[in-house]
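Inside the fold
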Amino acid sequence: MTERKREPGIGTRAVWGAEEGVTWQGATQVPVVHSVTFGFDDLDEWLDVGSGRTRGHIYSRNTNPTVEVFEEKMRLLEGAGAATSFATGMAAISNTLFALLAPGKRVVSIRDTYGGTSRIFLEFLPKFGVEVELCPTEDHEAIEAALQRGCDLLYLETPTNPTMKILDIERLARAGHAAGAVVVVDNTFATPVNQRPLELGADLVVHSATKFIGGHSDAMGGVLCGREDLVGEVFRFREINGATLAPPVAYFLIRSLKTLELRVLRQNENALGLARFLRKHAAVDKVFHPGLEDDPGHAVARRQMSGFGGLVSFSLPGEMKDVGRFLGRLRYAHRAASLGSVGTLIGPPAVTSHVELTAEARAELGIPETLIRCSVGIENLDDLIADFDQALG
Ligand SMILES: *Cc1c(COP(=O)(O)O)cnc(C)c1O
């Protein structure tokens, strides 16, 4: 009998991946290398590293041993050829777009991308002569038609913020490649525990590591994983513009990755449980969560995700002051922007992520004025349900 080589699972990769040979003097944890610069006694060796012929570190704006461990762990989790990191998620996204695009190029994307990303599409890329077409988010035919009009870069995000719309990555990646486009997916909401876009045909995956990857609302970062040539091109831009992840933050992210699977599995379970509870509650209007059987994205989500993620959005039948009253009564939730933390975070998009839009523009995106987005933490589900129940009462 021959023994087949098995790939280690996500949890094992997150704990052990990329750590071999980097610890020091028997230490069990990755050292934080604060050094800005790295010295060489041998001029030939210096030249080899400096010219990229051999791997090594020269200056921490470019590469750093601690930062490299974080990148390598993310590469293993996404099943990518290469990975590089950034100071924030927006740095990962803007570096990717500005490094891969040029005047005259054309981007196809969706209306519901993260607020900062849509600002780049609507305000900054057009300034540099890049054409951007943003399609109605769930309209796969409209996206395919836009791709047929020509496309250099297809940019997707799924599930979307804040109404949890689901895009079929496999179908759209195929259409994107047929048009000759590079396919990029923002995987922040799903994490590699729930969804691996590269296996579904995408070329690149971006993350705000500030969210589930960091998982504790105490560190900001970004990461890009995917095809080696493309990641290399973006890295060459990042090492010059300097949106580099700092080594102590990289250590926080390495530590957080070790519990990523545990946290995300619990958050999946809590979010689905809370969504089901809200769905039955008389004081709740609509509930948006891809795990609900009658959610419009459910069938595709079931196929391409192994869990539905830690976010639930819902609307109340009243007006904004009712939302305020409900939020004020919650005991186990921070009323704050952001998501992916171990503690439940809650806020209305009308005052957080979509505050800059008019009520009409929000309505056009299908965002009710009384919508509340909830990033469910790792608390005990019974306590969350009891808390939401008393606050809705
Ligand atoms: C937060 C977020 C970003 C931006 O990340 P930062 O770390 O805040 O710069 C990008 N995409 C999605 C989906 C996000 O939720």
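Residues numbered from 1 in each chain as written. Predicted model: local features only at pLDDT ≥ 70, side-chain atom pairs only at ≥ 80, totals over all residues. Heavy atoms only, no water.

**Re the nonpolar core**
Ranked by size, the top nonpolar core spans 34 residues in total, and within it Phe-70, Met-74, Leu-77, Leu-257 and Leu-260 carry the most contacts. Listed by contribution, the elements that provide at least two residues to this core are helix H1 (10-16), helix H3 (65-78), strand E7 (222-226), helix H10 (247-257) and helix H11 (260-280). Take this core: its biggest share by element is five residues, from H3. Other than its neighbours up to four places away in sequence, Phe-70 contacts Ser-85, Ala-209, Ile-213, Gly-222, Val-223, Leu-245, Ala-250, Leu-253, Ile-254 and Leu-257. (Core = buried A, V, L, I, M, F, W, Y, C linked by side-chain atoms within 4.5 Å. Buried < 20%, exposed > 50% of the residue type's maximum accessible area, 1.4 Å probe, protein only. Helix = DSSP H or I, 4+ residues; strand = E, 2+ residues; numbered from the N terminus. Contact = heavy atoms within 4.5 Å.)

**Here we look at the side chain of Ser-256**
Within the secondary structure, Ser-256 sits in helix H10. If we skip the residues at most four places from it in the chain, Ser-256 touches Ile-213, Gly-214, His-216 and Arg-263.

**Observations regarding the domain arrangement of the chain**
Domains assigned within the chain are domain 1 (10-257) and domain 2 (260-392). Here the C-alpha centroids of domain 1 and domain 2 sit 27 Å apart. On the side of domain 2, 39 residues touch domain 1, which itself brings 37 residues to the contact. Together, the buried faces of domain 1 and domain 2 total about 3,000 Å²; carbon and sulfur atoms form 58% of this surface. For Arg-303, the salt bridge is made with Asp-168, and the minimal N-O distance between the two is 3.4 Å. At the surface where domain 1 touches domain 2, the tally comes to 19 residue pairs in polar contact (both at pLDDT 80 or more). For the side of domain 1 that touches domain 2, the leading source of residues is helix H8 (residues 191-194), giving four residues. Counted by class, the side of domain 1 that touches domain 2 contains 16 nonpolar, 13 polar and eight charged residues. (Domains from an automatic or database assignment. Buried area = accessible area lost by both parts, 1.4 Å probe. Salt bridge = Lys/Arg side-chain N within 4 Å of Asp/Glu carboxyl O. Polar contact = N/O pair within 3.5 Å; in protein donor to acceptor, adjacent residues only side chain to side chain. Nonpolar A, V, L, I, M, F, W, Y, C, P; charged D, E, K, R; others polar.)

**Some points on the sheet that holds strand E12 (residues 371-375)**
Strand order across the open sheet formed by five strands is E8-E9-E12-E11-E10, with mixed pairing between neighbours. Each edge of the open sheet is held by one strand with a lone partner, namely strand E8 (287-288) and strand E10 (334-335). Running over the sheet, H11 touches E8, strand E9 (311-315) and E12 and is turned about 15° from E9. Contacts from helix H13 (residues 320-329) reach E9, E10, strand E11 (345-347) and E12, with the element oriented near 25° to E12. (Pairing = 2+ DSSP bridges. Axes fitted to C-alpha atoms, helices over the stretch in contact; angles between N-to-C directions.)

**Overview of the site of the ligand**
What surrounds the ligand is a group of 15 residues, the closest being Met-90, Asp-186, Ser-208, Thr-210 and Lys-211. A distance of 2.8 Å separates an oxygen atom of the ligand from a polar side-chain atom of Ser-208. The contact in question runs from an oxygen atom of the ligand to an N or O atom on the side chain of Lys-211, over 2.7 Å. Alone, the ligand offers 380 Å² of accessible surface; in the complex the protein occludes 94% of this. Here the element with the most residues in the shell around the ligand is helix H4 (residues 89-100); it accounts for three residues. (Near = heavy atom within 4 Å. Areas by Shrake-Rupley, 256 points an atom, 1.4 Å probe, with all protein chains shown as cover.)

**Describing the packing of aromatic side chains**
Evaluation of the coordinates by the stated rule reveals six aromatic pairs. Ring geometry for Phe-326 and Phe-388: centres 5.9 Å apart, planes at 65°, overall edge-to-face. Note that Phe-326 is positioned in helix H13 and Phe-388 in helix H15 (residues 381-392), a separation of 62 residues in sequence. Of the residues examined, Phe-388 reaches a relative accessible area of 0% and is grouped as buried. Taken together through their ring pairs, the aromatic side chains of Phe-314, Phe-326 and Phe-388 make up a single cluster. (Phe/Tyr/Trp six-rings, centres within 6.5 Å; stacked < 30°, edge-to-face > 60°.)

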